[in-house]
Amino acid sequence: MPVMAFDRSRPILVVDDDAKIVQLVRTYLERDGYRVVEALDGREALARIEDEDPALVVLDLMLPGMDGRTIIRSIRDHAETPIIVLSALGTTADRIAGLGLGADDYLPKPFSPAELVLRVKRVLARATSNRTPTLPRTVLRLEGLTVDLDRHAVAVDGRAIALTSVELRLLVAILEAEGRVMTRDRLLDAIYGPDSDALLDRTIDVHVGRLRDKLGDHASAPRFIATVRGTGYRAAIARGPNP
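Conventions adopted
Residues numbered from 1 in each chain as written. Predicted model: local features only at pLDDT ≥ 70, side-chain atom pairs only at ≥ 80, totals over all residues. Heavy atoms only, no water. Buried < 20%, exposed > 50% of the residue type's maximum accessible area, 1.4 Å probe, protein only. Helix = DSSP H or I, 4+ residues; strand = E, 2+ residues; numbered from the N terminus. Right-handed = clockwise from strand over helix to strand, strands pointing away. Pairing = 2+ DSSP bridges. Core = buried A, V, L, I, M, F, W, Y, C linked by side-chain atoms within 4.5 Å. Contact = heavy atoms within 4.5 Å. Axes fitted to C-alpha atoms, helices over the stretch in contact; angles between N-to-C directions. Parallel < 35°, antiparallel > 145°, perpendicular 65-115°, else oblique. Left-handed = near helix turned anticlockwise from the far one by under 90°. Nonpolar A, V, L, I, M, F, W, Y, C, P; charged D, E, K, R; others polar. Phe/Tyr/Trp six-rings, centres within 6.5 Å; stacked < 30°, edge-to-face > 60°. Lys NZ or Arg CZ within 6 Å of the ring centre and 35° of its normal. Salt bridge = Lys/Arg side-chain N within 4 Å of Asp/Glu carboxyl O.

### Observations regarding the pairing of strand S1 (residues 12-15)
Okay, step 1: Burial along S1 is two-sided: the residues Ile12 and Val14 and Leu13 and Val15 are all buried.
Okay, step 2: Taken together, S1, helix H1 (residues 19-31) and strand S2 (residues 36-39) form a β-α-β motif whose crossover is right-handed.
Okay, step 3: In terms of strand pairing, S1 meets strand S3 (residues 56-59) through 4 bridges, oriented parallel. Paired with Ile12 across the strands is Leu56, a residue of S3.

Structure (structure tokens):
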């Protein structure tokens, strides 16, 4: 499948209250040909997002005025802009929480600027690939659930459902397995890539929980996503054929 080229006219927004870190990240990203804009607090970050429509946001969590978690929620309320968290909060629980809010990747401080640039490339490549249309259009169906892969549109009983890019990749991976069990490791590979940083299985459980909430699904009586205890997840029943 051909991959659309990333539009480098759109900037990367770097948000951190440490001006030295902002400058370090800017230097490495600009050295690689990216255009960079910056913000030193949460409110400035939201203004930059509104004005600049960044292709990706590199975001610290501990910010003055408005913390990074609030910014992630604000972005996810209306956009799928890729987000990489860059934070001194580096425990497993912190990472799971950040990814569960809708971040696409999480890099603890202290960090390698070169690794951050690599992660930026990978996240942008995934986001760009997700926007690549396929012909003919492919639609996945499961009872009242419809996923239009071309339009990235999800609906339950005709009602549009807004999913993050991670949630969409997770849902598609489960549906395309057509009732076969998807282990947590396979789902991690599907949404983050096989060469991404290793994450605990609990990350998938957090994403599945958020996905179920949005779809109106329930673990105890699954309509769409069934839990296979100790292993992973599968579609509750095999999906219907493409139209």
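### Thoughts on the nonpolar core
Okay, step 1: If you look at the biggest cluster of nonpolar residues, it comprises 50 residues, and the most contacted ones within it are Leu145, Val147, Val154, Leu171, Leu215 and Ile225.
Okay, step 2: Looking at this core element by element, the count peaks at 8 residues for helix H6 (residues 165-176).
Okay, step 3: Discounting residues that sit within four places of it in the chain, Ile225 has contacts with Leu171, Ile174, Val208, Leu211, Arg212, Leu215, Asp217, Tyr233, Arg234 and Ala236.
Okay, step 4: Residues Ile12, Ile21, Val117 and Leu124 belong to the second largest nonpolar core, which totals 20 residues.

### Let's talk about the packing of helix H2 (residues 42-52) against helix H3 (residues 68-76)
Okay, step 1: Where H2 contacts H3, the axes come no closer than 10 Å and their chain directions differ by 20°. By the angle between their axes, H2 is roughly parallel relative to H3. When the axes of H2 and H3 are compared, the crossing they make is right-handed. Here Gly42, Ala45, Leu46 and Ile49 of H2 come into contact with H3, specifically with Ile71, Ser74 and Ile75.
Okay, step 2: Split into classes, the residues belonging to the contact of H2 with H3 amount to 5 nonpolar, 2 polar and no charged.

### Quick look at the packing of aromatic side chains
Okay, step 1: Counted by the stated rule, this structure contains 0 aromatic pairs.
Okay, step 2: The ring centre of Tyr28 lies 4.8 Å from the NZ or CZ of Arg31, which sits over that ring.

### A short note on the pattern of salt bridges
Okay, step 1: Counted under the stated rule, the structure contains 16 salt bridges.
Okay, step 2: Among the salt bridges present, the one from Arg76 reaches Asp104, with a minimum N-O distance of 3.0 Å. In this pair, Arg76 is assigned in helix H3 and Asp104 in the loop between helix H4 (92-101) and strand S5 (105-108), connecting sequence segments 28 residues apart.
Okay, step 3: What makes Arg76 buried here is its relative accessible area of 12%.
Okay, step 4: It is possible to trace a salt-bridge network through shared partners that takes in Asp16, Asp60 and Lys109.

Distances and angles like these do not, on their own, reveal function.
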